[in-house]
Amino acid sequence: MLNCIGLILQSYKEWGPIQKIVPIKLETPFSEGFVYVFAVLGDTATLIDTGNPGEKSFYELKSQLRQNGLEFKDFDHIVLTHMHTDHYGGVRLIQEEVLLPVYVHELARPIITGGIYEFHRMNEFFNQFLIQCGATPLVHQYRRKYIEENWENVHYIKNGDSISIGGSPYKVYHVPGHSQTDILLVNHENGFTFVGDHLIAELSVNAFIEPPKPDSNNRPKPLLQYRESLSQAKNLPLGVCYSSHGQPFQEHAKLIDQRLMEHENRCSNIHKILQSGQKSIFEICQEMYPRLKGTSVFLGLSQIQGHLDLMEERELVSSEEINEILYYRLRSD
Ligand SMILES: [Zn+2]
């Protein structure tokens, strides 16, 4: 390993303290169409995220790295921005080739170590969530296939930690909301920041409903978390931000204000829809996003649930469960 790092020191010496960031654009089956993996080259080389599961994405990543004169063995480790499949999917195949250490937020532990038990717990949660929304799990639930991950050499990181990326220290900020495991990786020397899916210049990010932690009965309220995380990020001295589904951007504070305003606009849309009486989340979704069909309905339901959590917190709506379905109405008091 020391030899390996020594070689890296030599081969990347020319970049000196200035880091070179190589974006690797990989196709995904999701609506964004692509995801960026970043190779960060400085005194060492670090891989940020790994693309989708499966051989197609793995070989695409490998071939694009090769075009840049890189191989998996050149990297010191992998850092994952969060635990969504288009970001962590490549870990297993990369580790089969070279056992690179993986750094990920500590809340990823149950997903990585929970095996089939955690897989079933998650499926059961989403099944119940769809029923509670008034949707039909048979039609609207995304059927995931269980993949035994078998990761090795996993290092769990938390808010405030410092981690080496391309040989330079980056500070870890836990910014839950889009997922529970989202982190920002900030280089306070030059402002380079890997934002994962926390912020994307071209599109508004969904704050996804997720199951409670294994030791809890209450699911997180992701939009409330996301807004708090955005406010925290707004105050950080970020420079160029590298996001996973869009172009690098600067002036993150402006973008954050825009996103916070979009949440307000969606809340007013929901408010208008509820003026005609109480509705299930599925009914609200059909009015707001009539084009969503099949499993993509979940995207709308998750987003609306998040906004209803916010409206409930502001005492604008109340909910009542009737025959397992949650109905929301405007509060008149
Ligand atoms: Zn994501």
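Since this is a predicted model, take the numbers as computed values, not measurements.

Caption draft 1: Spatial organisation of the UniProt feature "domain: Metallo-beta-lactamase" (unreviewed entry) in the protein. UniProt feature "domain: Metallo-beta-lactamase" (unreviewed entry): in the numbering of this structure it lies at residues 34–245. With 31% helix and 21% strand, residues 34–245 has end C-alpha atoms that lie 6 Å from one another.

Caption draft 2: Fine view of the pairing of strand β2 (residues 34–41). β2 sits mainly inside the fold: 7 of its 8 residues count as buried. Where strand β1 (residues 20–27) and β2 come together, 8 bridges link them in antiparallel fashion. Bridging across to β2, Ile24 finds its partner in Val37. Examined bridge by bridge, β2 and strand β3 (residues 45–48) share 4 bridges and lie antiparallel to one another.

Caption draft 3: Just the confidence of the model for the protein, in detail. When pLDDT is averaged along the protein, the result is 91; 94% of the residues meet or exceed 70. Here residues 1–16 is a poorly scored stretch, pLDDT under 50, and it has 14 contacts once near neighbours within four places are set aside; other chains count.

Caption draft 4: Representation of the packing of helix α8 (residues 222–234) against helix α9 (residues 252–274) within the structure. Relative to each other, α8 and α9 sit at 155°, their axes nearing to 9 Å. It follows that α8 is roughly antiparallel to α9 by the angle criterion. For α8 against α9, the interelement crossing comes out left-handed. Together, Leu223, Arg227, Leu230, Ala233 and Lys234 of α8 and His252, Ala253, Ile256, Arg259, Leu260 and His263 of α9 make up the contact between the two elements. Its residues assigned to classes, the contact of α8 with α9 comprises 6 nonpolar, 2 polar and 3 charged.

Caption draft 5: Looking closely at the nonpolar core. Core analysis: the largest hydrophobic core is formed by 75 residues, its most contacted members being Ala39, Ile78 and Leu301. With residues up to four places along the chain from it excluded, the contact list for Leu301 reads Cys133, Ala135, Ile281, Phe282 and Cys285.

Caption draft 6: Layout of α9. For α9, with 23 residues, the first-to-last C-alpha span of 33 Å sits near the 33 Å given by 1.5 Å per residue. The complete set of buried residues in α9 reads His252, Leu255, Ile256, Ile270 and Leu274.

Caption draft 7: How the structure looks around the sheet that holds strand β4 (residues 77–79). One open sheet accounts for 6 strands, arranged β1-β2-β3-β4-β5-β6; its pairing is mixed. Because the sheet does not close on itself, it has two edges, and the strands there are β1 and β6 (154–157). Strand-to-strand twist across the sheet, computed as the mean angle between neighbouring axes with direction ignored, equals 25°. Sheet strands touched by helix α2 (residues 55–67): β1 and β2. Its angle to β1, the strand with the most contacts, is close to 145°.

Caption draft 8: Looking closely at the packing of α8 against helix α11 (residues 297–313). Viewed as axis vectors pointing N to C, α8 and α11 meet at an angle of 80°, and their least axial separation amounts to 7 Å. Comparing the axis directions of α8 and α11 gives the class roughly perpendicular. On α11, the residues touching Pro222, Leu223 and Leu224 of α8 are Gly306, His307, Asp309, Leu310 and Glu313. Of the residues in the contact of α8 with α11, the class split is 4 nonpolar, 2 polar and 2 charged.

Caption draft 9: Seen up close, the sheet that holds strand β12 (residues 279–280). Ordered by their spatial adjacency, 3 strands build an open sheet running β12-β14-β13, and the pairing between neighbours is antiparallel. Two strands lie at the open edges of the sheet, namely β12 and β13 (317–322), each paired on one side alone. Here β13 runs beside strand β14 (residues 325–330); their pairing, made up of 6 bridges, is antiparallel. When the bridges of β14 are listed, Ile322 appears paired with Ile325. Its contacts with the sheet place α9 against β12, β13 and β14, and it is angled at close to 95° to β14.

Caption draft 10: Highlighting the pairing of strand β8 (residues 168–174). Where strand β7 (residues 162–165) lies against β8, 4 bridges are found, and the strand directions are antiparallel. Residue Ile163 lies in a different strand from β8, and its bridge partner there is Tyr170. Joining the antiparallel neighbours β7 and β8 is a turn of 2 residues, in which Gly166 adopts a positive phi near 55°. Two elements, β8 and strand β9 (residues 183–186), share 4 bridges in a ladder whose sense is antiparallel. For Tyr173, the partnering residue across the bridge sits in β9 and is Leu184.

Cut-off values and rules
- Residues numbered from 1 in each chain as written.
- Predicted model: local features only at pLDDT ≥ 70, side-chain atom pairs only at ≥ 80, totals over all residues.
- UniProt positions renumbered as here; feature names shortened; annotations may be inferred.
- Helix = DSSP H or I, 4+ residues; strand = E, 2+ residues; numbered from the N terminus.
- Buried ≥ 20, exposed ≤ 12 C-beta atoms within 10 Å, placed from the backbone.
- Pairing = 2+ DSSP bridges.
- pLDDT = per-residue confidence, 0-100.
- Contact = placed C-beta atoms within 7 Å.
- Axes fitted to C-alpha atoms, helices over the stretch in contact; angles between N-to-C directions.
- Parallel < 35°, antiparallel > 145°, perpendicular 65-115°, else oblique.
- Left-handed = near helix turned anticlockwise from the far one by under 90°.
- Nonpolar A, V, L, I, M, F, W, Y, C, P; charged D, E, K, R; others polar.
- Core = buried A, V, L, I, M, F, W, Y, C linked by C-beta atoms within 7 Å.
- Expected span 1.5 Å × (residues − 1).

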